[in-house]
Amino acid sequence: MAGNRPETRADGVDLSQPPQESSPPPNPPPLAKGQLYGGASRPQPKKSCRHRRGCCCRCCLWTTVALLVLLLIVAAAASFYVLYRPHRPTFTVTSLRVSYINITSSSSTLSSKFDLTVSARNPNSKLVHICSPISVSVLSADGVVDLGDATIPSFVHGKKNTTVLKTSIASNGQQVDSGSASTLKSGLKSKSGLALKIRLDTKVKGGGLKTTRVGIRVTCGGIRATAPAAGKSAATASTGNAKCKIDTRIGIWNWTP
């Protein structure tokens with residue numbers, strides 16, 4: 001029937017159906033950074049060279065300051081050397097008397113007593129030495145066994161002066177290993193005697209100068225000791241070949257005689 005026939009437009013669109021809403025178009029893709037400014041990339045500003053120049057200037061400044069300080073130290077050391085001509089003190093073992101060296105085989109213990117005389121000479125004509133207390137040790141030649149220790153009080157070493165230092169060194173019931181005990185016994189029984197060395201540790205300061213104390217270690221080797229003969233109170237060790245080597249903690253004294 002004509003009343004039920006749907007009405008249509010000339011373009012074929014059914015007018016009896018309600019109009020359908022069209023879906024919104026998709027969002028466009030985000031613009032690139034360069035497109036935000038008219039399609040051309042915005043030039044990035046170059047890093048300023050001012051910062052680099054500032055760092056170089058600071059580095060040069062500190063390098064110059066360090067060089068100046070180093071030059072001042074060298075100049076002060078050279079002036080001190082020219083003015084005072086510093087020389088190391090010298091030490092000589094005058095005598096070493098052995099009262100006894102007893103080694104107990106069962107317990108490997110050592111007891112000993114020595115009387116030491118050392119001559120210390122200050123060769124400087126313009127410099128006084130102030131010596132701290134001296135630690136004295138009598139050691140086996142290899143330095144393994146410590147046969148006794150003592151301390152010599154501090155003293156002032158005058159210009160061009162020789163000072164005689166005396167001390168008694170002892171040990172009582174010191175433990176030693178069996179191998180060291182056997183070596184000590186063999187040395188005491190040998191004709192040449194037991195090889196010993198003496199070590200002195202102290203610190204020295206130049207009198208009248210605002211300087212720090214310089215550590216000194218004196219090692220005297222070439223000493224031969226024997227036990228006292230029966231009926232004698234002490235035996236005199238051989239010190240004719242004794243030579244003392246001095247090591248200091250300041251380089252300039254290691255170069256001087």
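Data block above holds the structure.
Keep in mind that what you see is a predicted model, and the values were worked out from it rather than measured. (Residues numbered from 1 in each chain as written. Predicted model: local features only at pLDDT ≥ 70, side-chain atom pairs only at ≥ 80, totals over all residues. Heavy atoms only, no water.)

**A few points about the overall build of the protein chain**
A count of helices and strands for the protein chain gives three helices and eleven strands. Element order for the protein chain, N to C, with α for helix and β for strand: α-β-β-β-β-β-β-β-α-β-β-β-β-α. Here the protein chain, with 257 residues, has 30% of them falling under the buried criterion. Long-range contacts, defined as pairs at least 24 residues apart, comprise 66% of the intrachain contacts of the protein chain with a sequence gap of at least 6. Roughly 17300 Å² of accessible area belongs to the protein chain as shown, and the carbon and sulfur atoms make up 57% of that amount. (Helix = DSSP H or I, 4+ residues; strand = E, 2+ residues; numbered from the N terminus. Buried < 20%, exposed > 50% of the residue type's maximum accessible area, 1.4 Å probe, protein only. Contact = heavy atoms within 4.5 Å. Areas by Shrake-Rupley, 256 points an atom, 1.4 Å probe, with all protein chains shown as cover.)

**Here we look at the nonpolar core**
Core analysis: the biggest nonpolar cluster contains 38 residues, and F114, L147 and I198 have the highest contact counts within it. Of all elements in the fold, only β1 (90–104), β2 (109–122), β4 (134–140), β5 (146–152), β7 (161–175), α2 (178–189), β8 (194–206) and β9 (214–225) reach the threshold of two or more residues within this core. Among the elements that take part in this core, β1 stands out by supplying six residues, more than any other. Those residues in contact with L147 that lie beyond four places of it in its chain are I101, L110, S112, F114, V138, L139, S140, S171, L194 and L196. (Core = buried A, V, L, I, M, F, W, Y, C linked by side-chain atoms within 4.5 Å.)

**Topic: a nonpolar patch on the surface**
On the surface, L61, W62, V65 and V69 cluster together to form a nonpolar patch covering roughly 420 Å² of accessible area. Mapped onto the elements of the fold, W62 is located in helix α1 (residues 50–84). (Patch = residues over 30% accessible without salt bridge, like charges linked within 9 Å, V, L, I, M, F, W, Y side chains within 5 Å. Salt bridge = Lys/Arg side-chain N within 4 Å of Asp/Glu carboxyl O.)

So yeah, pure geometry; function would need other evidence.
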